[in-house]
Amino acid sequence: MRYTDNNLNLASLAQRILTVMIDMVTYFIIWILVTVSLIHFGFDQTYTTATGEQFILLPLITLVPVFWGYYILTEYPFQKTLGKLLTKTKVVSLTGHRPTLKQIILRTLCRSIPFEYFSYLVTVEGIHDKLSKTRVVTI
């Protein structure tokens, strides 16, 4: 279905919050699986800090790329993440069409803005929606 300014059925705040919660749990599980898999295949070097503490740097290195990958690899081809699938919503451009890859990448990068998710306290549209010129609608 094509959405226009007149018939955009924006997702509710409850749908948006539930979507974020589902997506964060999904992302966290994927991040753990990717990190454990990489460690299993030999990317498990331990690094020593100046104070002598040892830790594996890999979980920190994979944190952001897995986050970005989750959103780009689900929203661009399918217009929805697992959270959007379960809440029956999808992402569209302002004209109601499928967002471009550029819009999805910008939308994903904007999710990394500190405190971005607090924008839901004042509006149903997040900063990442406004800057990427996309909307989340019910289907």
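Residues numbered from 1 in each chain as written. Predicted model: local features only at pLDDT ≥ 70, side-chain atom pairs only at ≥ 80, totals over all residues. Heavy atoms only, no water.

### A word on the packing of aromatic side chains
- The final tally for this structure, using the stated rule, is five aromatic pairs.
- Between Phe-67 and Tyr-71, the ring centres sit 5.2 Å apart and the planes meet at 65°, which makes this aromatic pair edge-to-face. Taken as a pair, Phe-67 and Tyr-71 lie in helix α2 (residues 58-78) at a separation of four residues, close to a single helical turn. In this pair, the class of Phe-67 matches that of Tyr-71, namely buried.
- A centroid spacing of 5.0 Å and a plane angle of 75° characterise the contact between Tyr-70 and Tyr-71, whose relative ring orientation is edge-to-face. Across the pair, exposure class does not vary: Tyr-70 and Tyr-71 are buried alike.
- Taken together, the aromatic side chains of Tyr-27, Phe-67, Tyr-70 and Tyr-71 make up a single cluster linked through ring pairs. (Phe/Tyr/Trp six-rings, centres within 6.5 Å; stacked < 30°, edge-to-face > 60°. Helix = DSSP H or I, 4+ residues; strand = E, 2+ residues; numbered from the N terminus. Buried < 20%, exposed > 50% of the residue type's maximum accessible area, 1.4 Å probe, protein only.)

### Description of the environment of Tyr-71
- Overall, the relative accessible area of 2% leaves Tyr-71 in the buried class.
- Along the sequence, Tyr-71 and Arg-16 sit 55 residues apart, while their C-alpha atoms lie 15 Å from each other.
- Ignoring anything within four residues of it in the chain, the contact list for Tyr-71 reads Asp-23, Met-24, Tyr-76, Thr-81, Ile-104, Thr-108, Arg-111 and Tyr-117. (Contact = heavy atoms within 4.5 Å.)

### Brief notes about the nonpolar core
- Grouped together as the largest cluster of nonpolar side chains are six residues: Tyr-27, Trp-31, Val-66, Phe-67, Tyr-70 and Tyr-71.
- Elements represented by at least two residues in this core include exactly α1 (13-40) and α2.
- No other element matches α2, which puts four residues into this core.
- With residues near it in sequence (within four places) discarded, Trp-31 still touches Pro-59, Thr-62, Leu-63 and Val-66. (Core = buried A, V, L, I, M, F, W, Y, C linked by side-chain atoms within 4.5 Å.)

### Details of the pattern of salt bridges
- In this structure the tally under the stated criterion is seven salt bridges.
- One salt bridge in this structure joins Arg-111 and Glu-75, with 3.1 Å as the shortest N-O distance. Highlighted residues: Arg-111 in the loop between α4 (101-110) and α5 (127-132) and Glu-75 in helix α2, separated in sequence by 36 residues. Comparing Arg-111 with Glu-75 shows no difference in burial state: the two are buried.
- Where Glu-125 meets Arg-135, a salt bridge forms, and the shortest distance between an N and an O atom there is 2.4 Å. Of the two residues, Glu-125 sits in the loop between α4 and α5 while Arg-135 sits in strand β4 (residues 134-138), which places them 10 residues apart along the sequence.
- Residue Glu-125 is classed as buried on the basis of its relative accessible area, which comes to 13%.
- One network of salt bridges, in which partners are shared, links Arg-16, Glu-75, Lys-84, Arg-107, Arg-111 and Asp-129. (Salt bridge = Lys/Arg side-chain N within 4 Å of Asp/Glu carboxyl O.)

### Digging into the side chain of Thr-89
- In this structure, Thr-89 sits in strand β3 (residues 89-93).
- Within the structure, Thr-89 has its side chain in polar contact with the side chain of Thr-87 (distance 3.1 Å).
- Discounting chain neighbours no more than four positions away, the residues touching Thr-89 are Ala-11, Gln-15, Thr-19, Lys-80, Lys-84, Val-136, Val-137, Thr-138 and Ile-139. (Polar contact = N/O pair within 3.5 Å; in protein donor to acceptor, adjacent residues only side chain to side chain.)

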